[in-house]
Amino acid sequence: MITRHPARTSWSRRDVLRGSAAALMGAYGLAPRYGLAADIPTEYDGSKFQMAAPEPNPKRGGVMRYGILNRPPHFDVHQSGTVGNIGTQGCMFDNLIRRDPRDSGKTIVPDLAHSWEIAKDGKTYTFHLRQGVQFHDGTDFTSADIKATFDRIAKPPAGVSIPRTPLFRAVSEINARDKYTVEFKLAAPRSVNFMMSAFASGWNVIFSKKTLEENNYDLRKVLNIPGTGPFKTQRRVENEVWVMERNPNYWNKGLPYLDGIEVYHLLPFSPELGSAILSGRVDYARALDPATARKAAATPGLSTAKFYQSVIHATWMNAKRPPFDDPRVRRAMHLLFEKQVLVDVVKDVAPLMTGGFIYPFSEFATPRDQLAKRLGYQEDSGAGDQGG
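Enquirer: Is there a simple way to think about helix H6 (residues 271-279) in this case?
Expert: Residues of H6 that are buried: Leu273, Gly274, Ala276 and Ile277. Relative to the axis of H6, the buried residues are bounded by an arc of 160 degrees and lie together on one face. A positive phi of about 90 degrees marks Gly280, the residue just after H6.

As structure tokens, this is what we get:
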């Protein structure tokens, strides 16, 4: 990730991130880089909670030019798992609750729900919602929108596929108790941290019941989906740019700090993306090649940051078709693929890490020094062949 700090502007990278309200998460909802959230209270009154930058007197104004893949396969965030959706559309929506960007997502804080109670038996989650919130099309936000959103996520209708559905397998019913109170009933208790992290997933944005009903609960072809977020669509040019403007009626008073965002379609690790950030055509870029990152780090006015990203590069075999239906063949393929060789070949283009079933940077993964001792994961590509 690289951010430009032009001399002609006075807003910082933190200002940009606070204003955008777009928290990028892992492809399947519970981002491994976040790990477990900080301790979550079972009762929380956030009726006075407002998101704001931690710095005193944050600067306002300006348009952020963002370089990222922005050609999504469709426009339905729930049905997606690509940054092509969440990287562009995230700032147009809010969530029930969210990760706090001020501590890098370690804490779960209010969003459209300001307060909550979790029953002692762990089977009932009650959320109290903000009043006076509107979607971009002027529709009032109520508990009916939360129910419609999560009914769809937990039990998608025919023809709709949502990667985060398994997170809500334990949810047996969702009740709108009144206009601004929603209740989730679980068939069996789950870890509070797990359930609250699932609710706080940046992918689980809130759609209006009206929009869902008008589009038969499938929003893949709906470009301008009304959200409640700090930005809304102004115009979009396929394969070029997505321009968003500040939502003047945003419920979180004082936000966003930016006047707008321009998202330019630039492929990850491409020379075009590197050239755009180094030449000043964009202010913020994601997924740059290491060579560009090194140049940027040495360039006055630019800052860089490294972080793990939950993207999998793998070869998938159809275990139902010969010869891959034989587990011995699959084990042999595992030993034959020279994973470390691939990592070495692309290290200056797209940095990768070898890993097992769990992301290698997860706190639950096998430590790297132990993984390297296992067959098929050795740094010496010939180690698995020893002994015939």
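That shown, we press on.
Enquirer: Quick question: what am I supposed to make of the packing of H6 against helix H7 (residues 290-297) here?
Expert: Between two packed helices, what matters for the description is the angle formed by their axes and the separation of those axes. Contact geometry of H6 with H7 gives a least axis separation of 10 Å together with a crossing angle of 5 degrees. With respect to H7, the axis of H6 lies roughly parallel. Within the contact between the two elements, H6 uses Gly274, Ile277 and Leu278 and H7 uses Thr292, Lys295 and Ala296. Here the residues of the contact of H6 with H7 are counted per class, giving three nonpolar, two polar and one charged.

Enquirer: How should I be thinking about helix H4 (residues 192-199) in this particular structure?
Expert: An α-helical segment advances 3.6 residues per turn. Residues three or four places apart therefore align on the same side. When you tally the buried positions in H4, you get six out of eight residues, the bulk of the element. Among all positions of H4, only Asn193, Met195, Met196, Ser197, Ala198 and Phe199 are buried. Where H4 begins, one side-chain oxygen reaches toward the backbone nitrogen of Asn193, 3.2 Å away; that side chain belongs to Ser191.

Enquirer: For this particular structure, what's the right way to read the sheet that holds strand S6 (residues 113-118)?
Expert: Pairing between the strands of a sheet comes from backbone hydrogen bonds, and it takes one of two forms, parallel or antiparallel. Sheet architecture is open: five strands sit in the order S2-S6-S7-S9-S8, paired in antiparallel fashion. Strand pairing shows two members of the sheet lacking a second neighbour, strand S2 (43-45) and strand S8 (171-178), which therefore form its edges. Averaged over all pairs of adjacent strands, the angle between their axes in this sheet comes to 20 degrees, without regard to strand direction. As judged from the five bridges shared by S6 and strand S7 (residues 124-129), these two strands associate in the antiparallel manner. In the sheet register, Trp116 faces S7, and the bridge partner there is Phe127. Each of S7, S8 and strand S9 (181-186) is contacted by helix H3 (residues 143-154), which is oriented at about 170 degrees to S8, the strand it contacts most. Most of the contacts of H4 go to S7, to which it runs at about 40 degrees, and overall it touches S6, S7, S8 and S9.

Cut-offs used in this document
Residues numbered from 1 in each chain as written. Predicted model: local features only at pLDDT ≥ 70, side-chain atom pairs only at ≥ 80, totals over all residues. Heavy atoms only, no water. Buried < 20%, exposed > 50% of the residue type's maximum accessible area, 1.4 Å probe, protein only. Helix = DSSP H or I, 4+ residues; strand = E, 2+ residues; numbered from the N terminus. Arc of directions from axis to C-beta. Axes fitted to C-alpha atoms, helices over the stretch in contact; angles between N-to-C directions. Parallel < 35°, antiparallel > 145°, perpendicular 65-115°, else oblique. Contact = heavy atoms within 4.5 Å. Nonpolar A, V, L, I, M, F, W, Y, C, P; charged D, E, K, R; others polar. Polar contact = N/O pair within 3.5 Å; in protein donor to acceptor, adjacent residues only side chain to side chain. Pairing = 2+ DSSP bridges.

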